[in-house]
Amino acid sequence: MLVLGIVYTFAGFVALGSVVAATVASVYIVGAMMIMAGIVEIASAFQMKSWGQSILWVVLGALYVVGGFVAFQNPALAASILTLILGWSLVFSGFLRIFLAMKMKEGSPWIWVVISGIITVALGGMIIAQWPASGAFVLGIFLGVDLVFVGFGGHAILLGLVSESFHTLPIGTSILSQAMLGKVVHWSSMMFLGALLM
């Protein structure tokens, strides 16, 4: 888990250092997922009982496959379209959070939901306002930030498990094994910091 956390964190910082390349990589990932989903839908069409449903599933699957190949052939166009969809989705979900916060009972942390909704609307608005130029870098930034947080999360889980094991060690456990466990925590932290500084 430690190595995976470091790899994710390092990959996240690399993605943030080259957001255009990360955007293209994320478009390729989406394209591959669309092709796989399309193939699954086409295969599922042959399990339908009526011809009408089968044809509908084949058409939907074919659209997914075509969309996936378009993403591979023209990643700039695909990134632009996906960024616009992302921007409007953020605006919509932000307004939805604000609306739901107004329905929350008094005494609940509704103000934090409102602030979260306002930030989400503002972020979506900034993406839309800078579109189509934002299509070149927004997906790469999201990918980089996501990888960094996944890496930090994996490392935090590992440190939590190791520190928890200190409290659950039996009374007869030797001082030597506790010291070795402490060294594991120390060196894993040092490797993590080293990866951050690269």
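Chemist: Which residues make up helix 2 (residues 19–45), and what values go with them?
Modeler: Counted at 1.5 Å a residue, the expected span for helix 2 with its 27 residues is 39 Å, and the 38 Å between its end C-alpha atoms agrees. Every buried residue of helix 2 is accounted for by Val-19, Ala-22, Thr-23, Ser-26, Val-27, Gly-31, Ile-35, Gly-38, Glu-41 and Ala-45.

Chemist: Lay out the environment of Ile-98 in plain terms, naming residues and giving numbers.
Modeler: Mapped onto the elements of the fold, Ile-98 is located in helix 4 (residues 75–102). Ignoring any residue separated from it by four or fewer positions in sequence, one finds Ile-98 in contact with Val-114, Gly-117, Ile-118 and Val-121.

Chemist: An account of unusual backbone geometry is requested, with residue identities and associated values reported.
Modeler: The amide bond that connects Trp-131 to the next residue, Pro-132, takes the cis arrangement and shows omega of 10°. With respect to the helices, strands and loops of the structure, Pro-132 is situated in the loop between helix 5 (110–129) and helix 6 (138–168).

Chemist: Now, about the nonpolar core: what can you tell me, with residues and values included?
Modeler: Counting residues in hydrophobic clusters, the biggest one holds five residues: Val-27, Ala-71, Ala-78, Ala-79 and Leu-139. Discounting chain neighbours no more than four positions away, the residues touching Ala-78 are Val-27 and Ala-71.

Chemist: If you had to explain the packing of aromatic side chains to someone new, which residues and values would you point to?
Modeler: Counted by the stated rule, this structure contains one aromatic pair. Between Tyr-28 and Phe-72 the ring centres are 5.2 Å apart and the planes differ by 10°, which places this aromatic pair in the stacked class. On the criterion of sequence distance, the pair formed by Tyr-28 in helix 2 and Phe-72 in helix 3 (residues 51–73) is long-range, its members being 44 residues apart.

Chemist: Please set out the packing of helix 2 against helix 3 residue by residue, giving values where relevant.
Modeler: Direction vectors running N to C along helix 2 and helix 3 enclose 160°, while the axes themselves pass 7 Å from each other. When the axis of helix 2 is compared with that of helix 3, the two are roughly antiparallel. Note on packing geometry: the crossing formed by helix 2 with helix 3 is left-handed. Looking at the contact of helix 2 with helix 3, its residues break down into 18 nonpolar, seven polar and one charged.

Chemist: Help me get a handle on helix 4, residues and values and all.
Modeler: Look at helix 4: 40 Å from first C-alpha to last across 28 residues, which is about the 40 Å you get at 1.5 Å a residue. Every buried residue of helix 4 is listed here: Pro-75, Ala-78, Ala-79, Ser-80, Thr-83, Gly-87, Leu-90, Val-91, Gly-94, Ile-98 and Ala-101.

Chemist: Which residues make up the environment of Arg-97, and what values do they have?
Modeler: Structurally, Arg-97 can be placed in helix 4. Residues Arg-97 and Ser-116, 19 residues apart in the sequence, show an inter-C-alpha distance of 7.6 Å. Excluding residues that lie within four positions of it along the chain, Arg-97 makes contacts with Val-113, Ser-116, Gly-117 and Thr-120.

Chemist: Give a detailed account of the side chain of Thr-23, specifying residues and quantitative values.
Modeler: Checked against the element boundaries, Thr-23 lands in helix 2. Since its relative accessible area comes to 2%, Thr-23 is described here as buried. Thr-23 has contacts with Ala-79, Gly-135, Ala-136, Phe-137, Val-138, Leu-139 and Gly-140, leaving out every residue within four places of it along the chain.

Chemist: Kindly report on the confidence of the model for the protein, identifying the contributing residues and their values.
Modeler: Model confidence for the protein is summarised by a mean pLDDT of 74, while 76% of its residues fall at 70 or above. For the protein, the element scoring lowest by mean pLDDT is helix 7 (residues 175–197), at 39; helix 4 scores highest, at 86. Counting interchain partners and residues more than four positions distant, the pLDDT-below-50 stretch residues 169–198 has 27 contacts.

Chemist: Let's hear about the side chain of Thr-83: which residues, and what values?
Modeler: Tracing the sequence through the fold places Thr-83 in helix 4. The class of Thr-83 is buried, set by a relative accessible area of 0%. At 2.6 Å, the side chain of Thr-83 forms a polar contact with the backbone oxygen of Ala-79. Non-local contacts of Thr-83, meaning those with residues more than four positions away in its chain, are made with Ile-127, Trp-131, Ser-134, Gly-135, Val-138 and Leu-139.

The rules behind these values
- Residues numbered from 1 in each chain as written.
- Predicted model: local features only at pLDDT ≥ 70, side-chain atom pairs only at ≥ 80, totals over all residues.
- Heavy atoms only, no water.
- Helix = DSSP H or I, 4+ residues; strand = E, 2+ residues; numbered from the N terminus.
- Expected span 1.5 Å × (residues − 1).
- Buried < 20%, exposed > 50% of the residue type's maximum accessible area, 1.4 Å probe, protein only.
- Contact = heavy atoms within 4.5 Å.
- Core = buried A, V, L, I, M, F, W, Y, C linked by side-chain atoms within 4.5 Å.
- Phe/Tyr/Trp six-rings, centres within 6.5 Å; stacked < 30°, edge-to-face > 60°.
- Axes fitted to C-alpha atoms, helices over the stretch in contact; angles between N-to-C directions.
- Parallel < 35°, antiparallel > 145°, perpendicular 65-115°, else oblique.
- Left-handed = near helix turned anticlockwise from the far one by under 90°.
- Nonpolar A, V, L, I, M, F, W, Y, C, P; charged D, E, K, R; others polar.
- pLDDT = per-residue confidence, 0-100.
- Polar contact = N/O pair within 3.5 Å; in protein donor to acceptor, adjacent residues only side chain to side chain.

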